[in-house]
Amino acid sequence: MAHQIIQPEGWAPAKGYANGVLSKHGHLYVGGQIGWNADQVFETHDFIGQMEQTLRNIMDVVEAAGGRAEHITRLTWYVTDKKEYLARQGEIGAVYRKVMGRHFPAMAMVVVAGLVEDDALLEIEATAVID
């Protein structure tokens, strides 16, 4: 079996990348997700709102591959504003638990000067192992 491209049902097509790739061994690689909806439209320009949408997008890809939050083994966060991230830790934790529950995989945080989509305030990549 070749690798399988994962595209959640109802999502606008990805252009030049895959939202997810599932290997024959059950490793799921979720491409960097940002805070837009399935139609690739930003509904909010607030960090917390985009973070919640980004995590929901990751879960949509994981679930489309047959997984759950507890299958996620790694998250890499790219944020454009370190000060805002640090100032909103309480809100970040609450929204994270709302979407992901109390599952905390290995994580890295990278502060970047900008992202390809100008309106994006953060991007998160994920890796999961689906049994």
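Residues numbered from 1 in each chain as written. Predicted model: local features only at pLDDT ≥ 70, side-chain atom pairs only at ≥ 80, totals over all residues. Heavy atoms only, no water.

Things to note about the overall build of the chain
Worth spelling out the cut-off: Think of it this way: any DSSP run of H or I at least four residues long counts as a helix, any run of E at least two long counts as a strand, and we number them from the N terminus. Only protein chains enter the accessibility calculation, which uses a 1.4 Å probe; a residue whose area is less than 20% of its type maximum is buried, one above 50% is exposed, and one in between is partly exposed. It only takes one pair of heavy atoms within 4.5 Å for two residues to be counted as in contact. Charge counting follows a simple rule: Lys and Arg are positive, Asp and Glu are negative, and His as well as the terminal groups are ignored. Charge positions are represented by NZ for Lys, CZ for Arg, CG for Asp and CD for Glu.
Of regular secondary structure, the chain possesses 3 helices and 6 strands. The helix and strand sequence of the chain, counted from the amino end, reads β-β-β-α-β-α-α-β-β. Seen along its three principal axes, the alpha-carbon backbone of the chain occupies a region of about 45 × 30 × 25 Å. For the chain, buried positions account for 43% of its 131 residues. Here the contacts in the chain between residues at least 6 apart in sequence split such that 70% fall between residues at least 24 apart. The centroid of the 11 positive side-chain charges in the chain is displaced by 7 Å from the centroid of its 17 negative side-chain charges.

Describing the environment of A120
Examined against the element boundaries, A120 turns out to sit in the loop between β5 (106-111) and β6 (122-129). Through-space distance from the C-alpha of A120 to that of Q33 is 9.7 Å; in sequence the pair is 87 residues apart. Residues in contact with A120, not counting those within four places in the same chain, are I34, F42, Q50, T80 and L115.

Comments concerning the sheet that holds strand β2 (residues 20-22)
Using the following cut-off: Two strands pair under a simple rule: DSSP has to find at least two bridges between them. Each axis is a line fitted through C-alpha atoms, taken for helices only over the stretch in contact, and angles between the N-to-C directions span 0 to 180 degrees.
One open sheet holds the 6 strands; their spatial order is β1-β2-β3-β6-β4-β5, and the pairing between them is mixed. If you trace the sheet from one side to the other, it starts and ends with β1 (4-6) and β5, each paired once. The mean angle between the axes of side-by-side strands here comes to 15°, regardless of whether they run parallel or antiparallel. Contacting β1, β2, β3 (27-33), β4 (72-79) and β6, helix α1 (residues 47-64) crosses the sheet at an angle of about 150° to β3.

What about empty space enclosed by the protein?
Remark: the empty space left among the atoms is shown by a probe the size of a water molecule rolled over them. To keep things clear, this is the line we draw: Put simply, the grid is 1 Å and covers the protein atoms alone, a cavity is a trapped set of points that fit a 1.4 Å probe, a pocket is an open set with protein on both sides within 12 Å along at least five of seven lines, and lining residues have an atom within 4 Å of a point. Grid points are joined across faces, edges and corners, and a volume is the space filled by probe spheres set on the points. Amino acids outside the nonpolar list (Ala, Val, Leu, Ile, Met, Phe, Trp, Tyr, Cys, Pro) and the charged list (Asp, Glu, Lys, Arg) are all regarded as polar, and Gly is one of them.
In this structure the tally under the stated criterion is 1 cavity of 30 Å³ or more. Of the voids in this model, the largest cavity is the one considered here, and its volume is about 60 Å³. Taken together, W11, A12, Y17, N19, Q33, W36, N37, A38, Q40 and N57 form the lining of the largest cavity. Looking at the lining of the largest cavity residue by residue, the classes come out as 5 nonpolar, 5 polar and no charged.

Topic: the nonpolar core
This is how the line gets drawn: The nonpolar core is taken to be a set of buried Ala, Val, Leu, Ile, Met, Phe, Trp, Tyr and Cys residues, with the residues joined through side-chain atoms within 4.5 Å.
By size, the foremost hydrophobic cluster in this structure holds 30 residues, and its most contacted members are L28, M51, L55, I58, I72 and L75. The element best represented in this core is α1, accounting for 8 residues. Setting aside its immediate chain neighbours within four residues, L55 contacts Y96, V99, M100 and I124. The next biggest cluster of nonpolar side chains, apart from the first, holds 5 residues, and it includes I34, W36, F42 and A120.

Let's talk about the pattern of salt bridges
Note the following rule: A side-chain nitrogen of Lys or Arg and a carboxyl oxygen of Asp or Glu constitute a salt bridge if their distance falls within 4 Å.
Under the criterion given, the structure shown has 6 salt bridges. Between R88 and E84 there is a salt bridge, with the nearest N and O atoms lying 2.9 Å from each other. Residue class for R88 comes out buried when judged on its relative accessible area of 15%. Residue R88 pairs with E91 through a salt bridge whose shortest N-O separation is 3.0 Å. Among the residues examined, E91 registers a relative accessible area of 37% and is labelled partly exposed. Salt bridges here are not isolated pairs; linked through shared partners, they connect D46, E84, R88 and E91.

Focus: the packing of α1 against helix α3 (residues 89-100)
Applicable threshold: Each angle is binned into one of four classes, with values under 35 degrees roughly parallel, values over 145 roughly antiparallel, values of 65 to 115 roughly perpendicular, and all other values oblique. Left-handed is the label given to a crossing in which the near helix is rotated counterclockwise from the far helix by less than a right angle, and right-handed is the label when the rotation is clockwise.
For the pair α1 and α3, the least separation of the axes is 10 Å and the interaxial angle reads 25°. As far as their axial angle goes, α3 and α1 are roughly parallel. Once α1 is placed against α3, the crossing between them reads as right-handed. Packed against α1, whose contacting residues are F47, I48, M51, E52, L55, R56 and M59, the element α3 presents E91, I92, V95, Y96, K98, V99 and M100 at the interface.

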